[in-house]
Structures are given as structure tokens and as C-alpha cells.
Amino acid sequence: MGERCCAAVVRVLVLQAAWALSGGQVRYSVPEEAKAGTVVGRLAQDLGLEAGEAEARRLRLVAPGRRASVEVSGASGALLVSSRLDREELCGKSAPCALRLEVLLERPLRVFHVQLEVTDINDNAPVFPAARKNLSIAESSLLGSRFPLEGASDADIGVNAQLTYTLSPSEHFSLDLHRSEEYRESLFLVLTKSLDRETIPVHQLVLTATDGGRPSLTGTMELVISVEDANDNAPQFNQSVYKVHLPESAAVGTLVARVNTNDPDLGSNGEVTYSVSNIFPEKGMNNFLLNAMTGEINLVGTVDYEEVRLYEIQIEARDKGTPSLSGHCKLVLEVVDVNDNAPEVLVTSLSVPVPEDASLGTVVALLSVSDRDSGENGRVRCWVWPASPFGLEATFAGSYSLVLREALDRERVSEYEVEVRAEDGGAPALRASRGLRVPVSDVNDNAPSFAQAVYTVLARENNAAGAELARLWARDPDEAANGRVSYSVWDGGLGVGGGGAGSSSSSGGSGWRPASSYVSVDAESGRLWALQPLDYEELQVLQFEVRAVDAGEPPLSGNATVQLFVLDENDNAPALLPPAGSAAEAGGVAAAEAAVALEGAGSESGTLWAWAAWGAPAGQVVAKIRAVDADSGYNAWLRYELWEPRGKGPFRVGLYSGEVSTARALDEADGPRQRLLIVVRDHGEPARSATATLSVSLLEAAEAALAAGSSSSSLAAVSRSAAGVELGAGAASAATNVWLVVAICAVSSLFLLAVVLYGASRWAPRAAVLSAPGPTTLVCASEVGSWSYSQRHSRSLCVADGAAKSDLMVFSPNFPPPPPAPAAKDTQPEPSALLDTVSATAFIPFSDPFYPP
């Protein structure tokens, strides 16, 4: 018989579970007081899980807000009773007693809702408020008089709580039970036979309450009825039941109700006092106060709709007769709900950190929202603040999922402070919130970037190998390895250098070499250092790229261009050039004769030769010293000094032009030959110099003219031989013998030659640099002979009729040029600025020649 009953129960449970699954949730039923370990249902099987999948996917139970008393077996996936189930403790008088449980299943995360109904068993006997009840009834009470009794209470529900009452046998009293669907049952003791105090002064009865369970349980209360004499009119209330509605927000001292009675007796028999005979539930005893004289009931405590919704107060009115008589009424107080409970937000699951490349719709957290109020006061609306990048999705009644709505960027926001807000529908509405901290994990989505696209670096030549040139830094906003940057030099560098004096600038003056042969960069710190000493004459500008690569997967990189400008040092001494192949510029007939003599002069054992005529006036140019310096700027700016003879000699040297001219008129006292020692110095620190020796032969004017004519006819041969011909004593004697013959012709020839040479030197065109695409054009000015200068453009260094230097670049100052002033032939103003700093726009085409005023 027992096995058939168990099988029937199992079939009913299986059918209920199958019906619940088809409705969207799993439902089980278990009787209260079931033993620990009792199988409630095969949860894993009912959820459609395979064998072993429940344990692998960590099937577990979540019961927010209360103790579950059930658990999920990890091995079998069955729902088991874990501790004592007491329906009365869990649900009180509520029926049915349904527990809402949440079941979590991982990989992927899923939520199932399980409803567990705890069924009632008859485990509670009826209980009276007191084991003994004393009643006083006047002997003059009329037949049918009713005396209220306090009924018993049964913690069970349904049939198990349906009570029936029986009274021990008595000829004077019977029971009357009134049942109502709206209120509690009312129990009365009815007088069926007139009382005679002298016969029976005290009636002792036993009241028994029996519930409807199987087996039924009973409870008893002893009734001790005392029969009183005299006063035969009891007070009567004007209403048997008073109904009152009281909002739960009522303040202490609020008047709840006033009861009135009528007693036709006189004197003390008609004076009525009020008292509370019973309050249900009993906790209401501390909330209400009845004024015994006026019948006013005031609120002295607080009422809470969520705890007790209905109070039943039994009020007794008793007169002062002997014996006193009483009347009774019931006050039914309904508590009206107000919006006094804010919503509650609970986080049941949180999955952080969230990768910044997480897809939209990713579930970040699971939340449960509830409100203890009812109706509109308990209807909750939820949202997320700030509104992005997360949102809420409702998954079940009171359950929400926090999901990703927008793409994340850890470099912009590395952590979100999300607030889930809930608001009920009351007036005024109450709100609650729950803060969530959602960190964002990094992925490699940012390439390193340099602070500058182009870096300009200045380095002096002849630097030590290994010297630090600059420090480069690239920023990568990623974290850890994704933001760890390493540096390297790309070998696609471009160098601009010079091939020495007389060669033009080019990128391959000495052959192309990779940038890595000149510089290197530290992979970790970005320190740029030189691998070898730099030579300005070999390399002036080196342009290359530095690459920064992070350590992420896949690695990302960024580039920056480095322009390395080599600054010149005075490491080259001036070098003397051989004599020019054309006549030197000079003024007057004597200058022309001296120029012819110089161009016909040569060098012998490192000595330069020149001729001058006796009687030549002061300022007559007899020779020009030509030199060049491989350096640039001040280091290549040359000046000429006459070292020997010192003092007041017959000759002087132009400080910057190198022209040797007469300091005074020449006479025979100066001797037939003068030896000059000329020092050529640059303006570097320290200055470097070279020495030239010039031998000047002094001749008669006619001899000088013949030498000039001879020089003119054999200019090319003399230039190729690079040797001067000195007229000896025999040549001078021959010239003297024919002087009388050729005197007139000589004077005429000299005059004509002087006029022609003067005009040629006066109006001869000068070489200039034109601004146009293509190779640089030579800039040369014979008055200066060293280098030319412009306020706006850089110039090439040149000497008269010599090769130009293209590696000298001069930049104008930012102040206006000085007003023009006469300048001496042998002086030239210093340039106002030389190359100290170099920028990316430092290379300016050479153009627009400049001539000193």
C-alpha cells in the first residue's frame, strides 16, 4: 500500500514538473518537515542537461533574500532538501507557500527560475490564548445571552486549520460559531437556561478545538463561569462591528476610532468603562491605546502594511453595577498601504573585467530588483546611469541583465562607475541605486606615436664615438606589454655632405652609406648616440627614420623622421691656391702692368713672383694672394696679414681681399727686389693659418711696360709654366740703349694701355648667382675675394677667379640691415650671423649676388 502511494506521488510530481517546463519555469512541490536529503526533483534532467553536464557547468542554486533549505547535488543535478522545511516559518498563513529560486548554469551563463511549493501537513495543534478563561455572568441574564469567547488559532492552513469547537456537557450553556469569508470566525457562549447563583454559583466547562487534519489535533481551554447577581442590564454598543481604515504613515497620537455604548441602568450600574479584551495579532497590543472613560482609541505605536495588514480588536464595555454587566464589539482596522519602502537592488552575479574589444550584448552582471510595497507602490522601473555604454535587459519578473550596448575604449575610459537605479510607481516615488565598478581590460589597439613627426638634432663634428645626440620618446597608451615600446633605426637614411673645397654638395659625395653606420638608438630608452665621429666636410645633414614597435600581439609600430645637422668645427687650415690664369683686376696703367706681371709670375720653391714699376703711386695693386678654407662660416672667413717686413714698408696687404698694393710711391731706394711674407688666417677658435712668400721685382717704367707687353703676348705659356720670369740686368741695359728710339712710342702706348685697362676694370661685369632650379651658380666679388654675404639668402664662398665653396651657409639676423656706408678696399664688415642653429628649412637656394657698397 505504501509503495503504491509513493508511486502515485512521484507521478504527480513528474507531471507537475513537465507542466512547469512547458510554461517556462520548473515547479516542484515538497511537504514540510521533509527529511534532509529528500529528493525534490531531478533538476538537471528537467532542464535538459546531459549526464555530468550539471557538474561541469557548475549548476548551482541562488535564493535571494532568504534561506533556501534546499540545495542542488553537484554530482546528480537533483534538487535535495538540505535543512528543516517549516512552512509556517517560511510563509506563515500565506497559501500557497511558493519559494522562488534561481538556478545558475555557466559556460554559457544561463538563469533558470524554479518555483518550490512547500505543502502543509497537520503538525500544529489548535492553541487557545489562555489555558483558563474566567467569565462572570449575571444570574439575571436572559436566555439566549451570548458571551464572546476567544477562539483558538492553528498555525496550519487549509483543512488543517479548519477548527470545530465542542463544549463539555452543560444544561445551561452551548456554543455558537459564526464563520465569515471576510473576517475571522466568532465564537460565543450562549445561555440556554436561566442561571441560579444559589444553586450553581460557578460553572466549570472545558472548551475543545479540533482541526480538520488527518489525524486531527485538539486544543482545550478551561472556562470558569461565575454567576453574579443584581445588575441585570448590560451595556450595548451601537455597532457590533466597527470598520476603520488607517494609513500606515499615520503619526503617533492619531485618533483611530471612538466607540459608544448605551446602558439603561442608573447609578453605578449605568457607568460604563471600556477595555480591550483581545487584539489579533497580539503585537497590536503595543500599538493602540483605549481610553477607558471616553471609548477613544489612539495610535501609540507604528503600523506597517508590509507586516500586518489587518487588526481585530475586541472591546468590552462594563458597567459599575453589582454585579457589573458588559457589552462587546469588534473593531476591524485595515492598514492602508503608502509608499514607504524604497526598491532594493541586489547584484547576483558580476563578470569583470570586461575586455575593451567585447562584443555588443555581452552580459556583465545579473541583478535582482524588488519592492515590499504593493500595487503601484511596488511596481518598479529600472535604468542605468550613465546611459552608455551599458544597458539593462529584463530577463524575468524582478530580474535584469546588465549588458554592453556600445564599444569600449580602455585608453579613453579605463573603468566605469555604473549606477543601476530603480524607482517605484508611488506618489511621491522612491528610488534606490546600486553602484557597480566595471574595469576594462586592455587589448593592443594603439600604435606607438612620437611627440613630433620630425626631430631636429644638432651635433658638432669630431664628436666622440658613443656620444649621446638626443633622446626620442614614443607614447603608447596601452598597458603592460601592449604599451612597452622598443626603438630601432631604419636604414633608409639620406646623408648630405661635401667633397671638400671646390666640390658641390651632394647626397653621395663619398658614396651612399646607411644611417645605421653613423648613429644607433637604444632599444629601451630611445637614446640616440653616434657610432663614430662626424665630419662636417664629409656629412652635413643626415636624415633617417626611427621606428617604435610595441610588444603586443600583433605588434604595432610608429615612425619619426630625424634630421641630424652636423655643425662645423675649425679643423682645417687655409690652403693657398696657385696663381690665376687671367689678369688680376686693378686700376690704372700701373695696375695693369702689375697685374700682367703677376699673371706672368710663377712660383719658385714655394715663392710667388710679381713686378712693380718704380714711381708707382700708392694703392697700386701688384699681386693678389688666393687661398681657400675647407671649413664654413667664420671658420672659413679668411684675413691676410703682412708678417714681413714689418713697420713702414713699401707694400701692404688687403685684410680680406688678399691684394698686395703699394703703401707709398716706389723709388730706387727700395732696392731691386722686395720679399714679402704674408700670413693667411681664418676666424675660427683657435685660428688656423698658412704662410705665402711673395717676391716683388722693382723695374723702370719702360721695362715694366715691356714686361707687360711680353706678358700679354705669352700669357698662356706663362700660365702653363707657372713660373715667373725675372728681368735681369742685361734686359735692363738693352732697354736703356733703345730708350731714345722708342720714347715717344712708349709714352703713347702706355697712355693708351692705361686708358683701356682702367675702363675694363671700371665697367667689367662681375660673376653672380641667379636664383633658378639646377646647380648652384658661383658668387664672386673680386673686391672682397673671400666670401659674399646677403641679408636674405645663403652665399657660396669664393675667391677671385677660383672655385666656389658650396658648403657655407649664412643666415640673416632678424634686425634690419645697417645703412650703407663707404668701405675701404681692404676691409669688409663681419657677417652679423653665422650658422649656429639648423632647422628643417635650413637649405635655401643660393641666389641674388651681394656686393659691398
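Residues numbered from 1 in each chain as written. Predicted model: local features only at pLDDT ≥ 70, side-chain atom pairs only at ≥ 80, totals over all residues. Heavy atoms only, no water.

Now for the overall build of the protein. Within the protein one finds 9 helices and 50 strands. Within the span of the protein, comprising 853 residues, buried residues form 43% of the whole. Put simply, of all contacts in the protein between residues at least 6 apart along the chain, 68% involve residues at least 24 apart. Accessible surface, the protein: about 42800 Å² in total, of which carbon and sulfur atoms supply 54%. (Helix = DSSP H or I, 4+ residues; strand = E, 2+ residues; numbered from the N terminus. Buried < 20%, exposed > 50% of the residue type's maximum accessible area, 1.4 Å probe, protein only. Contact = heavy atoms within 4.5 Å. Areas by Shrake-Rupley, 256 points an atom, 1.4 Å probe, with all protein chains shown as cover.)

On the surface, a cluster of nonpolar side chains totalling about 270 Å² of accessible area is made up of V252, L289 and V300. By secondary structure assignment, the location of L289 is in strand β20 (residues 288-290). (Patch = residues over 30% accessible without salt bridge, like charges linked within 9 Å, V, L, I, M, F, W, Y side chains within 5 Å. Salt bridge = Lys/Arg side-chain N within 4 Å of Asp/Glu carboxyl O.)

For the rest of this paragraph, the subject is the sheet that holds strand β9 (residues 146-149). Here 3 strands make up an open sheet; going across it, the order is β9-β12-β11 and the pairing antiparallel. Each of the sheet's edge strands pairs with one partner strand only, and the pair in question is β9 and β11 (173-178). Going from strand to strand, the sheet's axes swing by 30° on average, the running direction of each strand aside. When β11 meets strand β12 (residues 186-191), the two strands line up antiparallel, connected through 6 bridges. When the bridges of β12 are listed, F173 appears paired with L191. (Pairing = 2+ DSSP bridges. Axes fitted to C-alpha atoms, helices over the stretch in contact; angles between N-to-C directions.)

In this chain, F280 is followed by P281 through a cis amide linkage whose omega measures -5°. Summarising the element assignment, P281 is placed in the loop between β19 (272-280) and β20. A cis amide bond links E644 to the next residue, P645, at an omega of -5°. Along the polypeptide, P645 turns up in the loop between β46 (638-644) and β47 (651-653). Backbone geometry at N462 places phi at a positive 65°, although glycine is not the residue there. Tracing the backbone shows N462 in the loop between β33 (454-460) and β34 (468-471).

Right, let's get into the environment of S516. Mapped onto the elements of the fold, S516 is located in the loop between β36 (485-496) and β37 (519-521). Since its relative accessible area comes to 29%, S516 is described here as partly exposed. Placed 15 residues apart in sequence, S516 and L531 show a C-alpha to C-alpha distance of 8.3 Å.

As a further point, take the pattern of salt bridges. Under the definition given, this model contains 21 salt bridges. R379 is the partner of E376 in a salt bridge, and the nearest nitrogen-oxygen pair spans 2.1 Å. With relative accessibility at 48%, the residue R379 sits in the partly exposed group. A salt bridge links E538 to R513, with the nearest nitrogen and oxygen atoms 3.3 Å apart. Residue E538 is found in the loop between β38 (527-530) and β39 (541-550), and its partner R513 is found in the loop between β36 and β37; the two are separated by 25 residues along the sequence. Put simply, R410, E411, D442 and E479 are held in one network by salt bridges that share partners.

Pairing is antiparallel across the open sheet formed by 3 strands, whose spatial order is β17-β21-β20. Of all strands in the sheet, those with a lone pairing partner are β17 (255-258) and β20, marking the two edges. The mean angle between the axes of side-by-side strands here comes to 20°, regardless of whether they run parallel or antiparallel. When β20 meets strand β21 (residues 296-299), the two strands line up antiparallel, connected through 3 bridges. Bridge pairing in β21 places F288 opposite L299.

We now examine the packing of aromatic side chains. For the structure shown, the criterion picks out 8 aromatic pairs. What links up through ring pairs into an aromatic cluster is the set F450, Y455 and Y487. The ring of F188 has R146 sitting right over it, with the charged end atom 4.4 Å from the ring centre. Lying across the ring of Y518, R513 places its NZ or CZ 4.6 Å from the centre. (Phe/Tyr/Trp six-rings, centres within 6.5 Å; stacked < 30°, edge-to-face > 60°. Lys NZ or Arg CZ within 6 Å of the ring centre and 35° of its normal.)

Moving on, we get to the nonpolar core. F450, F544 and L564 are the most contacted members of the largest nonpolar core, which totals 28 residues. Looking at this core, the elements that each hand over two or more residues are β33, β34, β36, β37, β38, β39 and β40 (557-567). Apart from residues no more than four positions distant in its own chain, L564 is found in contact with V457, A459, L469, V519, L534, Q540, V541, L542 and F544. (Core = buried A, V, L, I, M, F, W, Y, C linked by side-chain atoms within 4.5 Å.)

Another point: the confidence of the model for the protein. Mean pLDDT for the protein: 76, with 74% of residues reaching 70 or above. The low-confidence segment residues 582-605 (pLDDT under 50) makes 81 contacts with residues lying over four places distant or belonging to another chain. (pLDDT = per-residue confidence, 0-100.)

All right, on to the pairing of β12 then. Most of β12 sits inside the fold, with 6 of its 6 residues counted as buried. Residue alternation in β12 divides its side chains into two sets, S186, F188 and V190 and L187, L189 and L191, and both sets are buried. As judged from the 4 bridges shared by β9 and β12, these two strands associate in the antiparallel manner. Counterpart to F147 in the pairing with β12 is L189.

Turning to its location among the elements, Y536 is positioned in the loop between β38 and β39. Separated by 29 residues in the primary sequence, Y536 and F565 place their C-alpha atoms 8.9 Å from one another.

To continue, consider the environment of V457. Assignment of secondary structure puts V457 in strand β33. For V457, a relative accessible area of 4% corresponds to the buried category. Through-space distance from the C-alpha of V457 to that of F565 is 6.1 Å; in sequence the pair is 108 residues apart. In this structure V457 touches L469, A470, V562, Q563, L564 and F565, once residues within four positions along its chain are discounted.

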